[in-house]
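Chain by chain, the residues run as shown.
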Amino acid sequence: MTGTQDIRIGSFRVRTVTAPLPQPHKTASGTLHAAPLVLLDIGTDAGVVGSAYLFPYAAHFLRPLALLVAELEDLVKGQPLMPRDIWQMFRTKSRLAGWPGLMASAVGGIDMALWDALAKAHELPLAALLGTAPRPIWVYDSLGQMGPEETARDIERSLKDGFRAFKVKSGAPDPREDVAVARAIKSVAGEDAWVAMDFNQAFTADEAVKRMHLLDHEGLAWIEEPVAWDDVTGHASVRASIATPVQSGENWYGARDMARMLEAGALDHAMPDAMRIGGVTGWMEVAGLAAAHNIPVSSHLFPDHSVHLLATTPTGHILEWFDLAGTLLAERPKIEDGMVLPPDLPGAGIIWNEKAIDEFAA
């Protein structure tokens, strides 16, 4: 094994794909039929290649994000493989241009790929490189917005796939339908089933509270993003007015966003997104802040990296399973009896299915 300080970052390989989903994923904000993804491979002079994928959410952001990632190569090529130093350099250089949005997403993806390369250079799984043995993590199946009957059928499928916990998108025009969906899940999975709901920022604080006065009696694990993600006051108002725990964090762009929520008393659970939060480096900052405030941490998307990151998080809670890149990957974490097991591979375990990538190239 080459000493890490001797490994230099090489060229970027950036590709774009549109990965099909097994079924349309409907939310209160719209329906996702396929996932636009930027695939990133970063070479090194030691021969190891670090890999990650990025999700810009909408197809019209796919090319801009890919171009930004490619342009950032010049800032890191030839630098030592020190992900935290690279991350801090990007933060410094983006002070005037701005950080939230595409810049944070691009740096998050680069950071994930660099940590993947570093773990591979040490021939270790990512969790082990970060100081924790890889282990099974509690997992929930993240489902779309559906009526009660369709939800019940999806829960039956999910149970067969090994899941024992579930989240659905909520916010139907008639709030009584959300109640019916919650009860449909428990009619299939059992009254003690773990169930969460996600409003996807669809409501004002007053509207969210009115809806939650119905849902508060359904024993939900949390309600997610009841108002706009950056409406700290609204989150705090909802949390103070309902009995169900409040979850937020998938749209944070760093630990300062979480700090503002904590100061306002606006959340019970934290849910960073590995890409938006700043990759592995950004995640570890949030994990420390969550531990200091005893806030349970779950993940948003990116199960390949998240299964390792949650293992290293002191207050790690549960992993969201929404496998955007599943059709593009040769190896997947395994779901068994409500737990997700990382593959026994170095790094984050990302191995591309090149035939699928060629088929779905965007």
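Structure's up top.
The structure presented is a predicted model; accordingly, all values stated were derived computationally and were not measured.

A.B. asks: For this particular structure, what's the right way to read the overall build of the protein chain?
C.D. replies: Scanning the protein chain for helices and strands turns up 13 helices and 12 strands. Whereas a compact globule of 362 residues would reach a radius of gyration of roughly 21 Å, the protein chain reaches 20 Å, a difference of no more than 12%. Long-range pairs, those at least 24 residues apart, make up 69% of the contacts in the protein chain between residues at least 6 apart in sequence. Total accessible area computed for the protein chain in this model is approximately 14,400 Å², and 51% of it derives from carbon and sulfur atoms. Positive and negative side-chain charges in the protein chain, numbering 30 and 46 respectively, have mean positions lying 2 Å apart.

A.B. asks: Is there a simple way to think about the side chain of His 305 in this case?
C.D. replies: Counting through the fold element by element, His 305 comes out in helix α12 (residues 303-312). Apart from residues lying up to four places away in sequence, His 305 is in contact with Ser 51, Ala 52, Met 112, Asp 116, Leu 126, Val 280, Ala 348 and Ile 350.

A.B. asks: I would appreciate a short explanation of the environment of Glu 71 in the present structure.
C.D. replies: Considering the arrangement of structural elements, one finds Glu 71 in helix α1 (residues 62-71). A relative accessible area of 57% means that Glu 71 is categorised as exposed. For the pair Glu 71 and Phe 12, spaced 59 residues apart in sequence, the C-alpha to C-alpha distance is 9.5 Å.

A.B. asks: Can you walk me through the packing of helix α6 (residues 148-160) against helix α7 (residues 175-189) in this structure?
C.D. replies: In helix packing, the relevant descriptors are the interaxial angle and the interaxial distance, both defined with respect to the helix axes. For the pair α6 and α7, the least separation of the axes is 9 Å and the interaxial angle reads 35°. The element α6 and its partner α7 pack so that their crossing is right-handed. On α7, the residues that touch Pro 148, Thr 151, Ala 152, Ile 155, Glu 156 and Leu 159 of α6 are Glu 177, Ala 180, Val 181, Ala 184, Ile 185, Val 188 and Ala 189. By residue class, the composition of the contact of α6 with α7 is 10 nonpolar, one polar and two charged.

A.B. asks: Is there a simple way to think about the pattern of salt bridges in this case?
C.D. replies: Pairs may arise between side chains of opposite charge once their charged atoms sit close together. Applying the stated criterion across every chain yields a total of 18 salt bridges. The partner of Asp 141 in a salt bridge is Arg 157, and the shortest N-O contact between them spans 3.1 Å. Of the two residues, Asp 141 sits in strand β4 (residues 137-143) while Arg 157 sits in helix α6, which places them 16 residues apart along the sequence. Since its relative accessible area comes to 4%, Asp 141 is described here as buried. Residues Asp 161 and Arg 157 are paired through a salt bridge, measuring 3.0 Å at the closest nitrogen-oxygen approach. Given the relative accessible area of 40%, Asp 161 is considered partly exposed. Sharing partners across several salt bridges, the network here consists of Asp 141, Asp 154, Arg 157 and Asp 161.

A.B. asks: What is the right way to look at the pairing of strand β2 (residues 30-44) in this model?
C.D. replies: Residues in a regular strand project their side chains so that they alternate between the two faces of the sheet. Taking burial as the measure, the 15 residues of β2 include 11 buried ones, the bulk of the element. Pairing between strand β1 (residues 9-27) and β2: 13 bridges, direction antiparallel. Its bridge partner lying in β2, Lys 26 is registered against Thr 31. Of the strand pairs in this sheet, β2 and strand β3 (residues 49-54) are connected by six bridges, and their pairing is antiparallel.

A.B. asks: Got a minute to help me understand the sheet that holds β2 in this structure?
C.D. replies: In sheet architecture, strand pairing relies on hydrogen bonds along the backbone and comes in two forms, parallel and antiparallel. One open sheet accounts for three strands, arranged β1-β2-β3; its pairing is antiparallel. Looking at the sheet topology across the chains shown, the edges are occupied by β1 and β3. Direction aside, the axes of adjacent strands within the sheet are offset by 20° on average. Across the sheet, α1 lies against β1, β2 and β3, angled at about 155° from β1, the strand it touches most.

A.B. asks: What should I look at first to understand the packing of aromatic side chains in this one?
C.D. replies: Any pair of aromatic rings gets described here by the distance separating the centres and the angle formed by the planes. This model, assessed by the stated rule, comprises nine aromatic pairs. Aromatic side chains Trp 229 and Tyr 253 sit 6.0 Å apart centroid to centroid with 75° between the ring planes, which places their arrangement in the edge-to-face category. Within this pair, whereas Trp 229 is found in the loop between β7 (223-224) and α9 (232-241), its partner Tyr 253 is found in the loop between β8 (246-248) and α10 (255-263), the two being separated by 24 residues in sequence. With a relative accessible area of 22%, Trp 229 lands in the partly exposed category.

A.B. asks: Mind showing me how you'd approach α10 here?
C.D. replies: Since the α-helix packs 3.6 residues into each turn, any two residues three or four apart lie on the same face. Buried within α10 are the following residues: Ala 255, Asp 257, Met 258, Met 261 and Leu 262. Angularly, the buried residues of α10 cover 155° about the axis, an arc narrow enough to put them on a single face. Those residues of α10 that are exposed and aimed more than 90 degrees away from the buried face are Arg 256 and Glu 263. As for α10, its buried residues are in contact with α9, β8, β9 (269-270) and α11 (279-292). The positive-phi residue at the C-terminal boundary of α10 is Gly 265, with phi of around 65°.

A.B. asks: Even after reading the chapter, I still don't get the packing of α1 against helix α4 (residues 102-121), so can you show me in this structure?
C.D. replies: At a closest axis distance of 9 Å, the pairing of α1 and α4 adopts a crossing angle of 60°. It follows that α1 is oblique to α4 by the angle criterion. The chirality of how α1 crosses α4 is right-handed. Residue-level inspection shows Pro 64, Leu 65, Leu 68 and Val 69 of α1 in contact with α4, the latter providing Leu 102, Met 103, Ser 105, Ala 106 and Ile 110. Residue composition of the contact of α1 with α4, by class: eight nonpolar, one polar and no charged.

Calculation rules
- Residues numbered from 1 in each chain as written.
- Predicted model: local features only at pLDDT ≥ 70, side-chain atom pairs only at ≥ 80, totals over all residues.
- Heavy atoms only, no water.
- Helix = DSSP H or I, 4+ residues; strand = E, 2+ residues; numbered from the N terminus.
- Rg over C-alpha atoms; globule rule 2.2 N^0.38 Å.
- Contact = heavy atoms within 4.5 Å.
- Areas by Shrake-Rupley, 256 points an atom, 1.4 Å probe, with all protein chains shown as cover.
- Lys, Arg positive; Asp, Glu negative; His and termini not counted.
- Charge placed at Lys NZ, Arg CZ, Asp CG, Glu CD.
- Buried < 20%, exposed > 50% of the residue type's maximum accessible area, 1.4 Å probe, protein only.
- Axes fitted to C-alpha atoms, helices over the stretch in contact; angles between N-to-C directions.
- Left-handed = near helix turned anticlockwise from the far one by under 90°.
- Nonpolar A, V, L, I, M, F, W, Y, C, P; charged D, E, K, R; others polar.
- Salt bridge = Lys/Arg side-chain N within 4 Å of Asp/Glu carboxyl O.
- Pairing = 2+ DSSP bridges.
- Phe/Tyr/Trp six-rings, centres within 6.5 Å; stacked < 30°, edge-to-face > 60°.
- Arc of directions from axis to C-beta.
- Parallel < 35°, antiparallel > 145°, perpendicular 65-115°, else oblique.

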